[in-house]
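Analysis of the macromolecular model
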Amino acid sequence: MTLDTDLTDATGDDTRANLDLWDYRRRVHEIYSSVRQGGSGQKTWLAWRKARDELFASHSQSALDRESRVAFDGLSYFPYEPGWRFEVEAGPVQAERVAIGHGGHDQTSFQRFGLVRFNVDRTEAPLTLYWLEGYGGGVFLPFRDTTSGRETYSGGRYLLDTVKGADLGHKENRLILDFNYAYHPSCVYSNRWSCPLAPEENSLGVPIRAGERLS
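Residues numbered from 1 in each chain as written. Predicted model: local features only at pLDDT ≥ 70, side-chain atom pairs only at ≥ 80, totals over all residues. Heavy atoms only, no water.

**Regarding the overall build of the protein**
- Regarding its fold elements, the protein presents 3 helices and 10 strands.
- Across the protein, helices and strands are ordered from the amino to the carboxyl terminus as α-α-α-β-β-β-β-β-β-β-β-β-β.
- The globule rule puts the C-alpha radius of gyration for 215 residues at 17 Å, and the 16 Å found for the protein is close to it.
- In terms of principal-axis extent, the alpha carbons of the protein reach across some 45 × 35 × 35 Å.
- Restricting the contact set of the protein to residue pairs at least 6 apart, pairs at least 24 apart contribute 65%.
- Surface accessibility of the protein: about 10,700 Å² in total, with carbon and sulfur atoms responsible for 46%.
- One finds the centroid of the 25 positive side-chain charges in the protein at a distance of 3 Å from the centroid of its 30 negative side-chain charges. (Helix = DSSP H or I, 4+ residues; strand = E, 2+ residues; numbered from the N terminus. Rg over C-alpha atoms; globule rule 2.2 N^0.38 Å. Contact = heavy atoms within 4.5 Å. Areas by Shrake-Rupley, 256 points an atom, 1.4 Å probe, with all protein chains shown as cover. Lys, Arg positive; Asp, Glu negative; His and termini not counted. Charge placed at Lys NZ, Arg CZ, Asp CG, Glu CD.)

In structure tokens, the structure reads:
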């Protein structure tokens, strides 16, 4: 499934297409609700993978086009590793409006609103949290790492995109970051999707070998 990850899509004004997109997003919210209820562990992660594959293979709003869905046999992932789950505190950051560029000429406006830090092999890895401007808003956490452009998409991956349902949970100012759930934006699969790419400040100098990878 795309998790309908891109913040801009090309569904047009067709009534059926918009109703299908509504259904797709509801299913994504339900999948992540199950993740939050299931807690940490490989069993919950495998259920998430299975649900994603089912949406990718069968739903009209899949990131895959019709022809690709016929041949689809599942997304590729790094092996599950519990050490990629972190509970981190969101600290302050200089509030600033930023325009995050897409693969083409599009941009999406966000506000920087928080900073999280975790450690990979004793190296601190900071990531900026963004709040989507627009009706309702939502948390957006994209990132790149040293696997980007090699084992994963060069434009980065997403970990949180709450307006589309990708929400691993938080309690007060502590967030759950589980990189086993990192995933590619929809534009990896088809150029009909336009997706914000991870900005430079969220480019990590360490490898994150967890979550979705290129085949």
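Now that the structure has been shown, the text picks up again.
**Let's talk about the environment of F86**
- Tracing the chain through its elements places F86 in strand β2 (residues 85–89).
- Judged by its relative accessible area of 16%, F86 is buried.
- Once the C-alpha coordinates of F86 and W45 are considered, the two residues, 41 residues apart in sequence, prove to be 15 Å apart.
- Apart from the residues lying within four places of it in its own chain, the contact partners of F86 are F118, N119, L175, I176, L177 and F179. (Buried < 20%, exposed > 50% of the residue type's maximum accessible area, 1.4 Å probe, protein only.)

**What to know about unusual backbone geometry**
- A positive phi angle, close to 50 degrees, is found at D121, a residue other than glycine.
- In this structure, E172 is a non-glycine residue whose phi angle is positive, near 55 degrees.
- Considering the arrangement of structural elements, one finds E172 in the loop between β8 (170–171) and β9 (174–178).
- Classification of E172 as exposed rests on a relative accessible area of 72%.

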